[in-house]
Every structure is written in structure tokens, then in C-alpha cells.
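Each chain, letter by letter, is given below.
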Amino acid sequence: MTPAVAAPSAPPAPAADPAGAKAAAGAPVERLIVGYEKKAEEAESDAEAEKDARAKGRKAGEALSFERRLGTGAALVDLGDELKGGSLQDVIDAFEADPDVAYVDRDIRMYATAAPNDTYYGRQWDFFESTAGMNVQNAWDGGATGRGVNVAVIDTGYVTHSDLGANIVPGYDFISDAANARDGGGRDGNPRDEGDWSAANECYSGSQPSDSSWHGTHVAGTVAAVANNGKGVTGVAYNAKVQPVRVLGKCGGSTADIADAIVWASGGSVPGVPANSTPADVINLSLGGSGSCQSVTQNAINGAVGRGTTVVVAAGNSNANASGFTPANCGNVVNVAAGDREGNRASYSNYGSIVDITAPGGETAVSSANGILSTLNSSATTPGTENYEAYQGTSMATPHIAGLAALMYEKDPAITPSRVESLIKNNARALPGTCSGGCGYGLADAARTLAAMGGGTTPDPDPTEQVFTNSENWSIPDADGRYVYSNIGVTGVSGYAPADLKVSVDIKHTYRGDLKIELVAPNGTVRLLKSAGSSDSADNVLATYTVDASSSPASGTWQLRVTDVYSGDTGYIDSWSLTF
């Protein structure tokens, strides 16, 4: 296995220090907003609203008063200087028990969104830019920063960095080959990254020389670099803890070592290795190799997920179908493709129906400013001076999702890996650029995902974006030469369809390689979304395809056609949508 990362770029110049600091959350609620049903007297009369507030106060044992009418027609109710009984919920219950009350909202405080004061935060476009950033800054406004959550970065280990040290917890070195480990022995309790440089032909005949990547430290910085310390960068979950687990050394790492690392990081038992005192809620696997998912890897992942750990993996950097790369093609994982600064699938990123989500991965080939800036080390061989550099890769996209998962575990410590995955996918936004081959549900949106859990700030929808959906289930005939179709009637969209029409497909079907999927435009033009006949034996098609539909009128009946070309596996169209 090798880290899924492309070549680094030169370090950027310092950015201006953004002003301000995030205000503290948790201010006490002083007022309630009470909406009355239209038929209620309190909906029109301030006097009746005042009378009702006092009555509800007496019922709850508190002194309440009507303060004023809002522009929406709701009543603002003052809770007084202090709740004598100490129970806000008692007051809310008193209102909600009244059939004349439509809703009760807390009048909470909000604060100006402020960026962290970290020196390079202004260069972290992947966190905050509206086009292709992951909307992380608005997610922090909901109060989630990853506190109390552990993320295991199974990678090259960790080289000391002052912008990460406060968030590092003890890990382990699982490299069993002493020569590859470069630390004088095999497995041990020190996950220090000794450098993964190699000479020409050292790894295999024809292998190229390479410098040390300090890959694990770069990944860890994206997850949880320390925030508001006046230096460097910020992590997605900047109050989470990172557990470095070393599996990649000189010439990569072995499947056996990686499988043991997954088991141990998630709290499982590995013979000869001490128990993990801080099991991970989230595992980041920014690594991969070609081939099918091996049973040992799948079993290790299944065990981790069974213990409640979300496993996030890189789709790979070969500009190929991710189904040919492992552990991207394993089940029970969140598979992450990479997007560039314009919101396209990055030129190197793998793709395909097994991709779940896209996150910023950057393209330093365009400019170092378009890469993903994070913590690193300046040495080409053994550890040297700490620094910051921009990398590109699905390795860089993956820790964005691992960090988002950490924010989710803080909001709900009992959340399951399957719910983490579904929330991230279902709250993604359409890629603003193009994606050929399948980029999952689109670009991950941290704020929308947190808002769906009851936290974060949901951004205003794109006023130009229109989504049409058909959620009817249609059974797919099993290999009898017929196709099944599902229609969407598009109205109110003038002119021709866009050159980047987004077609999101959710098909439940075993052995999805059996399926041929086509889109038929209102003018009869047929566009192939997915061909059949591949050896893709995984289940279900959950993908967003981007097609050039600019030669077809937008309004009219669009049709999704699905044909099962091989026998023995069955399924149905669950839902699909068009985003204009």
C-alpha cells in the first residue's frame, strides 16, 4: 500500500491575520418566540398574548410576560431575569401543550462568523470558499469543533509539529519489517515517522527515487491542526485528538500490518500489542493499492464498524475507476474522491459508482495556492524542521471527511457509522464543476450536515439551482432484454439544459456491474451514464453523473432507463434527480 498523494508544491507566503475570534456558545435563553395558530385570539391581540404568557407562567411556576409582536406575527415572551424553577423546558412544555400554539422557539444568540487567527487560515480555501470549499467555518458556528473525539490516522506516522502536538494522543507503530520501519526494530509503541524516502530501484526493479513525504503529518493537520494559536493552519475538527498509527514506511506498507492497525485503532485486540486506551471514533485511510478488497482487510473494517468506528478511505489518484483499488473498493467505508478549487473532479482523482462523496483535494499542478495546505516537515530524508506545504490528492480530500465525521461524533456520541455516511451524502451539494465517471453524492458540505443534526448554519440555497426528483420505486427486470424507466417532468426551466447537468441516481441492486443506465432527454437524445458488463460485484449504484445536455431543451419529460443485462441479481430504482 502507498499513500494516495501527488507531489508537494512550494510553501506559500504568509497570509494576513483574519480579525476576530469565534464567540462562545451556550449563552442563556432569555426569551421565547411563540407562534400561535391563525384562529387563536393571541395571534392578533397583544392583550391576549400578554394574558396567555402570564397564565403559562403560573402553570410552570415562573413569571412570564409578553414583550412585543414580531414581524412574522409571533409573540416574543420574556422569561424574566431568572427562571425561578430553573427549568426552561417546563415553560416550553406549557406552551406546546396548548393546541392554539403552532410552535415555540428559543430566542438564541448568534454571533458574527469569525475566522480563526491562524496565520495561514486565509489560504485554506478548502474550508470556506463558496465555490468548492466544504463550508467548514459555518459548521463551527454550531458549536462543534471535535472536542472529545479521537481520529486515528493510519499512515506514515507522525513527525513532531508544534501546530499539532497539543492534539496528538499515543498511537502505535505497526510496521513489522524493520528495514522498512527504519527505527531499528519491528512493531513498537512509538509511531514516529522516520521518513519514507527511497533510492532508485530500492523498492522494486525500476522504482523511482523519492523524498520523505511526511504524509501522515499532512493528513493529521487537515483533521485537527490546533486553531487560534496565532500560527499555521487550522484543522476541520481542531479540538479533536489525532492518534497516529504507523503502517507506511520505506516502500509503503503491507496489507497484514494495515489490517492489524484498523483492528487496534478501533479498540479491537491484536496479539502481542497492548490494548488501545483511546480507541478511535473515526479512522482515516489515505492509502491504497490496486486489486480487489482482500478478506483480511474487509474483516478488519467490518470489525471496526461493528465497534462503532467510521472508516473513511481515499478513492485513489489514478484517474481510473475506484473499483480497481483497495481499500477504496471495500464495503462499509466512506469512499472519498477529490475536487479542485473550481469544483471539478480533480484531474488525478479516481471515480466511479463506488465513490460516496467528494471533498477538496486540490490541484498543485495548477498552482500551490490551489492545493491543500497543512502541517509538514522540510527534510527530504530524516526528520528536520517543521513547515507547511500544499499537497494534492484524494489523501488530502479524505481527512476533510474524517474531520467532518469527528464534528458529527461530538454532536452525537451515539451516532452510528451508517448514519454518519448517510448524513454526509444526503446533505452534500452538487459539484459546481464537472465530474465524469461518478463523484458520489456531490461535494460534502459540513454546515449542512451539522445543521441536519441540529447544529451548524445552513447556507442560503443557490437561487439559480433547481432540483427535480422522482422517488417512486421501479423494479428492474432480471436480464430479460427489457429496460425499466422512471420519468421526471421538468417545468419552469427556460431554454436548453446546462452543459453540466447533474443526474443523481440511487439504485438498490446486487452486483451492479449487471446494470446499464441511460438518460433520455425530452428531445429523445440518449446519454449513457453507466455501461454494463464490468466485473463490479459491489451492491447498489449511488452516484451523481455530470452530462453535457446543452443540446436538449430543459423543460419536458426526462427519463432514466435501466437495463439488467445479466441474470441472477435483482433490484429497483429507488430515486433519482436532476439538478439544473
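## Considerations on the sheet that holds strand S14 (residues 357-360)
So, step 1. A sheet is described by the order of its strands in space; here seven strands give the open sequence S7-S8-S6-S9-S11-S13-S14, paired in parallel fashion. The sheet is open, and its two edges are formed by strand S7 (172-173) and S14, each paired on a single side.
So, step 2. The pairing of strand S6 (residues 150-155) with strand S9 (residues 282-285) spans three bridges and is parallel. Across the sheet, residue Val-153 finds its bridge partner in S9, namely Asn-284.

## Brief notes about the environment of Gly-308
So, step 1. Its location among the elements puts Gly-308 in the loop between helix H8 (295-306) and strand S11 (310-314).
So, step 2. Owing to a relative accessible area of 25%, Gly-308 belongs among the partly exposed residues under this scheme.
So, step 3. Remark: the alpha-carbon pair of Gly-308 and Ser-418, spanning 110 residues in sequence, is separated by 9.3 Å.
So, step 4. What Gly-308 contacts, discounting residues up to four positions off in sequence, is Asp-281, Tyr-409 and Pro-417.

## Some details on the pairing of strand S22 (residues 526-530)
So, step 1. Judged from the four bridges that link them, strand S21 (residues 515-520) and S22 form a sheet pairing that is antiparallel. Looking at the pairing, Val-520 lines up with Val-526 of S22.
So, step 2. What sits between S21 and S22 in their antiparallel hairpin is a turn of five residues, with Gly-524 showing a positive phi close to 90°.

## Some points on the pattern of salt bridges
Side-chain pairs of opposite charge can arise where the charged atoms are in close proximity.
So, step 1. Counted by the stated rule, this structure contains 23 salt bridges.
So, step 2. Between Arg-31 and Glu-67 there is a salt bridge, with the nearest N and O atoms lying 3.1 Å from each other. One end of the pair, Arg-31, is in strand S2 (residues 31-36); the other, Glu-67, is in strand S3 (residues 65-69), with 36 residues separating them in the sequence.
So, step 3. The residue Lys-250 makes a salt bridge to Glu-202 at a minimum N-O spacing of 3.0 Å. Taken together, the residues Lys-250 in the loop between strand S8 (241-246) and helix H7 (255-265) and Glu-202 in the loop between helix H5 (178-181) and helix H6 (215-224) connect sequence positions 48 residues apart.

## Observations concerning the packing of H7 against H8
So, step 1. The interhelical angle for the contact between H7 and H8, taken along N-to-C directions, is 10°, at an axis separation of 8 Å. Judged by the angle between their axes, H7 and H8 are roughly parallel. Contacts between H7 and H8 pair Thr-255, Ala-259, Ile-262 and Val-263 from the former with Val-296, Thr-297, Ala-300, Ile-301 and Ala-304 from the latter.
So, step 2. For the contact of H7 with H8, the residue count by class is seven nonpolar, two polar and no charged.

## Thoughts on the packing of aromatic side chains
So, step 1. For the structure on display, the rule yields 12 aromatic pairs.
So, step 2. Centroid distance Tyr-121 to Phe-127: 6.2 Å. Interplanar angle 75°. Geometry classified as edge-to-face. A single burial state applies to Tyr-121 and to Phe-127, both of which are buried.
So, step 3. When the centroid spacing of 5.0 Å and the interplanar angle of 55° are considered together, the rings of Tyr-172 and Phe-174 count as tilted. Each of the two residues, Tyr-172 as well as Phe-174, counts as buried.

## A short note on the side chain of Asp-196
So, step 1. By the element assignment, Asp-196 lies in the loop between H5 and H6.
So, step 2. A distance of 2.7 Å separates a polar side-chain atom of Asp-196 from the backbone nitrogen of Ser-213.
So, step 3. In contact with Asp-196, other than residues within four places in its own chain, are Thr-156, Arg-182, Ser-210, Asp-211, Ser-212, Ser-213, Trp-214, Gly-249 and Lys-250.

## Considerations on the state of the cysteines
Covalent bonding between the sulfur atoms of two cysteines is what defines a disulfide.
So, step 1. Tallied over the full model, the rule gives three disulfides.
So, step 2. Two residues share a disulfide in this structure: Cys-203 and Cys-251, whose sulfurs sit 2.1 Å from each other. Taking the torsion about the S-S bond as the criterion, the Cys-203 to Cys-251 disulfide, at about -85°, is left-handed. You can see Cys-203 sitting in the loop between H5 and H6 and its partner Cys-251 sitting in the loop between S8 and H7, a full 48 residues away along the chain.
So, step 3. The class of Cys-203 is partly exposed, set by a relative accessible area of 30%.

Cut-offs used in this document
Residues numbered from 1 in each chain as written. Predicted model: local features only at pLDDT ≥ 70, side-chain atom pairs only at ≥ 80, totals over all residues. Heavy atoms only, no water. Pairing = 2+ DSSP bridges. Helix = DSSP H or I, 4+ residues; strand = E, 2+ residues; numbered from the N terminus. Buried < 20%, exposed > 50% of the residue type's maximum accessible area, 1.4 Å probe, protein only. Contact = heavy atoms within 4.5 Å. Salt bridge = Lys/Arg side-chain N within 4 Å of Asp/Glu carboxyl O. Axes fitted to C-alpha atoms, helices over the stretch in contact; angles between N-to-C directions. Parallel < 35°, antiparallel > 145°, perpendicular 65-115°, else oblique. Nonpolar A, V, L, I, M, F, W, Y, C, P; charged D, E, K, R; others polar. Phe/Tyr/Trp six-rings, centres within 6.5 Å; stacked < 30°, edge-to-face > 60°. Polar contact = N/O pair within 3.5 Å; in protein donor to acceptor, adjacent residues only side chain to side chain. Disulfide = S-S within 2.5 Å.

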